[in-house]
Number of protein chains: 2
Amino acid sequence: MPVSVLQKKIDAIARNARTASRLLADVPQAKVNACLLAMASLLDEQKTGILRANRKDVALAVKKNLPGPMIERLTLSDKTFESMKRGLVEVAALSAPAGERFDERTRPNGLKIFKMRVPIGVIAIIYESRPNVTVDAASLCLKSGNGVILRGGSEAFFTNKALAAQFSVACENSGLPRAAIQLVPTTERKAIDLLLHKDEDIDLVIPRGGEGLIRAVVEKSRIPVIKHYKGVCHVFVSRNADMAKAVAIAVNAKVQRPSVCNAMETLLLDAALPDDSKKRIIEALILDGVRIFGDPAARKLVKGIERASEADWFAEYLDLRLAVRVVDGVNAAIAHINTYGSRHTDAIVTESKDEADMFLRLVDSSSVMHNASTRFSDGGEYGMGAEIGISTDKLHARGPMGLADLTTYKWIVEGNGQIRQ
Amino acid sequence: MPVSVLQKKIDAIARNARTASRLLADVPQAKVNACLLAMASLLDEQKTGILRANRKDVALAVKKNLPGPMIERLTLSDKTFESMKRGLVEVAALSAPAGERFDERTRPNGLKIFKMRVPIGVIAIIYESRPNVTVDAASLCLKSGNGVILRGGSEAFFTNKALAAQFSVACENSGLPRAAIQLVPTTERKAIDLLLHKDEDIDLVIPRGGEGLIRAVVEKSRIPVIKHYKGVCHVFVSRNADMAKAVAIAVNAKVQRPSVCNAMETLLLDAALPDDSKKRIIEALILDGVRIFGDPAARKLVKGIERASEADWFAEYLDLRLAVRVVDGVNAAIAHINTYGSRHTDAIVTESKDEADMFLRLVDSSSVMHNASTRFSDGGEYGMGAEIGISTDKLHARGPMGLADLTTYKWIVEGNGQIRQ
């Protein structure tokens, strides 16, 4: 497509999203919920057509020799359909964040001033190969009153198109503007660049995918981006730890689901722990199939520990590998985490309240935990109902992001004729 | 300076700021307040040296034939010194936002989870010719626990350097890290580009200045930016307005201080208002020296109104000029504001609660007002104590930004050995 034609298309998408978002601001929640439930029904009714589109993507992916795990993520199964439907029903049942009043005050001149929670406006989601993001992300944006522009991976293009088309139908049938959900109708990469320059009409970009995608979006975007970078999560076991808790937490944080961002990647052991205690933890991990990369002190404890290089302290393995370092107390642990960590989730195991307080105060991460597994860093586990991701940014939203994080506020000022002196 | 040398300097500044910000996280408020008061004393004690530096800047500016208003903004007077000192004392007296707990919950598994307000980390302030920003912005960043990197206008270089040097002394004498406040020690423009790429060590950029400066920063920054764009503020006078309030508010919003971002730039008059009422407002404005640019309907009302072009609806005049348009009711007013406005501050004058509610709900601006002058859109007037600016962004902070807006939060999770099933 010539750039001028593409530019016109992107301009129209952004402008239509802005218009739709203004209409959404005046739509009652009942209609939004009806739309989400209508989409759940359409997933059943239109399953054949959606699966046909999906088979087209999968066949192309096989032809292109894309890697097996990517084809797996791309393929829609009955389980994916059930999960998308369940998500829609659950999001419909949540209470909507928009409309809440907070920070109320009355000024000496009689002005009543408060903040009102309102949708952000238009949110662009840029994502990779999982087509269920089309439905999951769009439902959260809609529920919180935002227009959404979707740009999925090119390898899932036909599937995403089929899903987004049904969501537009659900919008229309429920009295919502059709353009509340739009998919960028091309796989050209240039479309992303153009989209990221529409700062007049798009308020927020959320990239969902690997570090390469996120960095590319940050590099090019004039629109604020909320980033979900990697999780290099730590567990520090202090000299004051209860060892039963320490073993259970370390094993759980590493082994229960090693492929996710809140799994432990580095274990820090207090030098003052008895060697037997240190060994006990490491051996429990090895018994569960974990391959250990240790510093010299750790390697002296247990045979067969491989040598950790500087790169291991930065590594997000996402599998059953683990870096282990012996550090000199809580201050050294905090320094290690603030140097090598990714500001995602870090935990201390200790029975000392003072030590825990120091760790919680000084570790600069989105979630800091005392005597709990890093695996709890999750919107569902925090009781948020639904999660659009885990922000490693510090601005606007930090850590697990729920519906309320897809809203902003405006100041409302109620007077009776006040003027400024 | 060769780019490689400059790069090293900027790297060091950013890294030192990060280190200082980590130390600041553990400094008691009493020391921060002592530092702010010490700086107030240093402004007295070192006044001669600071004025000498300022005269150097002013002499260079005169030599370069810089415009008169710029030289005026650049020149330190006794009044500027008093205002900087008063600011420091006032900020020291405010309560610090960091440390507050909120959104507490206890989960069924016994985990206690809450958010704790914490400093953002490192904030870069990029500003133009007013050297008092060096002191005002730095004091707010410090009070909220943040390290600050200052990059002022090149025409104020020697003044900013003298002020920042004293602030570093105040830090050191009060037990704060010296690098809590740093000034970029060169006027080269390239330094800004390099700074805006230090996203590992700088968490937030706040540009303070004209639209050109802000756009240039947004274009280049990999770091989140909070923008303070222009204010194209509206007052809509409805058919249901109390005319005494309408006249008072319109005159106050335009005339009381026309050079600021919360002054009215466009007046919208409901077509259904009696012509006499419309005339009464326009004539009151003309009597106060306002030059009116009107649409055809407005021009029929009063002689001598100039013709408004499309550009006038977008204009931020910042002086005694005003655009006036007759619109067909509240819906047309909302549509006009959402099309031509800058999402800053907009007001409705009406005695109808329903009409006011619709306006407050549907106008997409940072502050929306009912029966009050737009001039109230201000941190001080909102009771925030101190203001770092008025954000026209929707993310993180919107409208007047106070100390709390220079903080973020982290999630604290307190357990007793919980692991995830």
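This is a predicted model, so every value here is computed, not measured.

Colleague: Account for the overall build of chain A, with residues named and values stated.
Modeller: From N to C terminus, chain A includes 15 helices and 16 strands. The 421 residues of chain A split such that 52% are buried. At a minimum sequence separation of 6, the contacts of chain A that also span at least 24 residues come to 72%.

Colleague: Please provide a residue-by-residue account of unusual backbone geometry, values included.
Modeller: A positive phi is found at N371 of chain A, a non-glycine position, where the angle reads about 55°. Counting through the fold element by element, N371 of chain A comes out in strand β13 (residues 367-372). At D103 of chain B, a position not held by glycine, the phi torsion is positive, near 50°. When you line up the elements, D103 of chain B lands in strand β1 (residues 101-106). For D103 of chain B, a count of 14 C-beta atoms within 10 Å puts it in the partly exposed group.

Colleague: Lay out the sheet that holds strand β6 (residues 204-208) of chain B with the relevant residues and their values.
Modeller: Residue and element names in this part refer to chain B. If you walk across this open sheet you meet the four strands as β5-β4-β3-β6, and the pairing is parallel. With one partner strand each, in any of the chains shown, β5 (181-183) and β6 form the two edges of the open sheet. Adjacent strand axes in the sheet meet at a mean angle of 20°, parallel and antiparallel pairs treated alike. Pairing of strand β4 (residues 147-151) with β5, which is carried by three bridges, proceeds in the parallel orientation. By the bridge assignment for β5, I149 is matched with Q182. Set on the sheet, helix α1 (residues 3-24) makes contact with β3 (122-127), β4 and β5; between it and β4 the angle comes to about 145°.

Colleague: Can you tell me about the interface of chain B and chain A, naming the residues and giving the values?
Modeller: Counting residues at the interface gives 57 residues for chain B and 58 residues for chain A. Sorting the residues of the side of chain B that touches chain A by element identifies α9 (211-220), α10 (243-255), α15 (353-362), β13 (367-372) and β16 (407-418) of chain B as the ones contributing at least two each. The element best represented in the side of chain B that touches chain A is β16 of chain B, accounting for eleven residues. Here the residues of the side of chain B that touches chain A sort into 22 nonpolar, 18 polar and 17 charged.

Colleague: Which residues make up the relation of the copies chain B and chain A, and what values go with them?
Modeller: Between chain B and chain A, the superposition needs a rotation of 180° and an axial shift of 0.0 Å, giving an RMSD of 0.0 Å. A rotation of that kind, with that shift, is consistent with a two-fold axis. Measuring from the rotation axis to each C-alpha of chain B, the shortest distance belongs to H396 of chain B, at 1.9 Å. Here 100% of the interface residues in chain B have copies in chain A that are interface residues too; the copies meet face to matching face.

Colleague: Kindly report on the environment of I71 of chain A, identifying the contributing residues and their values.
Modeller: All names here are of chain A. In this fold, I71 is placed in helix α4 (residues 68-74). Its 17 C-beta neighbours within 10 Å are what place I71 among the partly exposed residues. When the C-alpha positions of I71 and S129 are compared, they lie 8.4 Å apart, and in sequence the two are 58 residues distant.

Colleague: Go over helix α5 (residues 78-93) of chain B with me, naming the residues and quoting the values.
Modeller: Residues and elements named next belong to chain B. With 16 residues, α5 should reach 22 Å at 1.5 Å per residue; the first-to-last C-alpha distance of 23 Å fits that figure. Within α5, burial applies to M84, L88, V91 and A92. Projected down its long axis, α5 shows its buried positions confined to an angular sector of 105°, all on one face. Those residues of α5 that are exposed and aimed more than 90 degrees away from the buried face are D78, K79, E82, R86 and A93.

What counts and what doesn't
Residues numbered from 1 in each chain as written. Chains lettered and ligands numbered in written order. Predicted model: local features only at pLDDT ≥ 70, side-chain atom pairs only at ≥ 80, totals over all residues. Helix = DSSP H or I, 4+ residues; strand = E, 2+ residues; numbered from the N terminus. Buried ≥ 20, exposed ≤ 12 C-beta atoms within 10 Å, placed from the backbone. Contact = placed C-beta atoms within 7 Å. Pairing = 2+ DSSP bridges. Axes fitted to C-alpha atoms, helices over the stretch in contact; angles between N-to-C directions. Nonpolar A, V, L, I, M, F, W, Y, C, P; charged D, E, K, R; others polar. Least-squares fit on C-alpha atoms with pLDDT ≥ 70 in both. Expected span 1.5 Å × (residues − 1). Arc of directions from axis to C-beta.

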